[in-house]
Amino acid sequence: MDPPLQTIREDGAAVVILDQTRLPRETAFVRLGTLADAARAIRVMQVRGAPLIGATAAYGVALGLQEGLPLARIIATLAATRPTAVNLRWALERMRSALEKCRPAGVQPNGLREEGLPAGAGALSALAGRQDLAWDEARAIAREDAEANAAIGRHGLEILKPVAAMKDRVEVMTHCNAGWLATVAHGTALAPIYAAHAAGLAVHVWVSETRPRNQGQLTAWELARAGIAHTFIADNAAGLLMMQGQVDCVIVGADRIAANGDTANKIGTYLKALAARAHGVPFYVAAPVSTIDFTCPDGMHIPIEERSAAEFGALHTPVANPAFDVTPAVLIAGIVTEHGSVPADQLARVKP
Ligand code: MRU
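Colleague: Now, about the site of the ligand: what can you tell me, with residues and values included?
Modeller: Residues in close proximity to the ligand total 18 residues, the closest being R48, R82, D255, N265 and K266. Measuring from an oxygen atom of the ligand, one finds a side-chain N or O atom of Q215 at 2.9 Å. In the complex, the protein chains occlude 100% of the 410 Å² of accessible area that the ligand would expose alone. Elements that contribute at least two residues to the shell around the ligand include exactly α2 (50-66) and β9 (263-266). Here the residues of the shell around the ligand sort into 8 nonpolar, 6 polar and 4 charged.

Colleague: How would you summarise the packing of α2 against helix α4 (residues 86-100) if you had to cite specific residues and measurements?
Modeller: Helices that pack against each other are described as a pair by the angle of their axes relative to one another and the distance between those axes. Axis separation between α2 and α4 bottoms out at 7 Å; the angle between their running directions is 35 degrees. Crossing geometry of α2 relative to α4 is assigned as right-handed. Mapping the contact onto sequence places A50, P51, I53, G54, A57, A58, V61 and L65 in α2 and N87, L88, A91, L92, M95 and L99 in α4.

Colleague: Got a sec to walk through α4? Specific residues and values, please.
Modeller: Its 15 residues place the ends of α4 21 Å apart at the C-alpha level, agreeing with the 21 Å of an ideal helix rising 1.5 Å per residue. Of all the residues in α4, the buried ones are V86, N87, L88, A91, L92, R94, M95, A98 and L99.

Colleague: So what's going on with the sheet that holds strand β1 (residues 8-11)? Which residues, and what values?
Modeller: What the 3 strands build is an open sheet, ordered β1-β2-β3; its pairing is antiparallel. The two strands at the open ends of the sheet, each matched to only one other strand, are β1 and β3 (29-32). Averaged over neighbouring strand pairs, the angle between their axes works out to 30 degrees when direction is ignored. Bridge analysis of β1 against strand β2 (residues 14-18) gives 4 bridges, and the strand direction is antiparallel. If you follow I8 over to β2, its bridge partner there is I17. Packed onto the sheet, α2 meets β1, β2 and β3 and runs at close to 20 degrees relative to β1.

What counts and how
- Residues numbered from 1 in each chain as written.
- Predicted model: local features only at pLDDT ≥ 70, side-chain atom pairs only at ≥ 80, totals over all residues.
- Heavy atoms only, no water.
- Near = heavy atom within 4 Å.
- Polar contact = N/O pair within 3.5 Å; in protein donor to acceptor, adjacent residues only side chain to side chain.
- Areas by Shrake-Rupley, 256 points an atom, 1.4 Å probe, with all protein chains shown as cover.
- Helix = DSSP H or I, 4+ residues; strand = E, 2+ residues; numbered from the N terminus.
- Nonpolar A, V, L, I, M, F, W, Y, C, P; charged D, E, K, R; others polar.
- Axes fitted to C-alpha atoms, helices over the stretch in contact; angles between N-to-C directions.
- Left-handed = near helix turned anticlockwise from the far one by under 90°.
- Contact = heavy atoms within 4.5 Å.
- Expected span 1.5 Å × (residues − 1).
- Buried < 20%, exposed > 50% of the residue type's maximum accessible area, 1.4 Å probe, protein only.
- Pairing = 2+ DSSP bridges.

Right, dumping it as structure tokens:
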């Protein structure tokens, strides 16, 4: 029997991920048994999408502790993998805070006494308890991500219902992949679409290619598996479709939302938001609260990942490859979180 199609799952003392670098050509799974495995999976984008990066990092902490590595080194290694998706830092901070509450007195995170001598049996059993705690916390982060995204689906459905009441089919445009592949389950931007489909609403999705890594193909693959009508387009076709009145709303995910609502998402998102404003198409962002960086005042302070020129293929010319752009809050009709939809400039309403 085929293994379950989950982005991430536990398997004994390891974690199994769906290798997204091989989709949509083949479904292949990779076993992560060490901190290095987890860090590599995030860096090379075998796992991708802000919420899934966060969950993988949390499990990476558990794997690193299992290897007896110091917590500070584990966290530094994982934090250095990708800079923009704040769920990575959020998950690492949550793991750190849970684990620091349970550090045996006088013992370093690697099981040695502060002065370098082996720890006694009591301390070692406390360290084993700490590893259990790390697995428990990572599991909780994964479970809560799935729950948050299901709630985003329910809240986002309320945005689509009035459109569905007025016409035969709701036309949604999205960008990149913010479906279940980008999360532990359900997706963010695609969660309302899955909820609408489950509720019997006719919905059609415009899926943009998302150069240079083509995450749009992942979205098309997800929607095809779910039997949801969709059409694949080149990124540059989005403006024309909006001008022609073929788009009722745009819903995208997010990698980091600043406190003022400015939103970093996959490169090309900003152009869609500009076109949407020009043609009166509402533009929504769907993301869990873990994607909101309340310490970041505005979009200018969001670090933008610069990726390798190799992602364009073999070009003998200078290349710039910023992986994300920032959509100003003023272009965003609403941010759909697990606690409901809020205006982009009122994120304080969902602050934990
Ligand atoms: O570089 P990626 O594929 O990790 O980036 C993912 C995105 O930018 C998605 O658009 C998404 O909205 C964020 S994850 C739900």
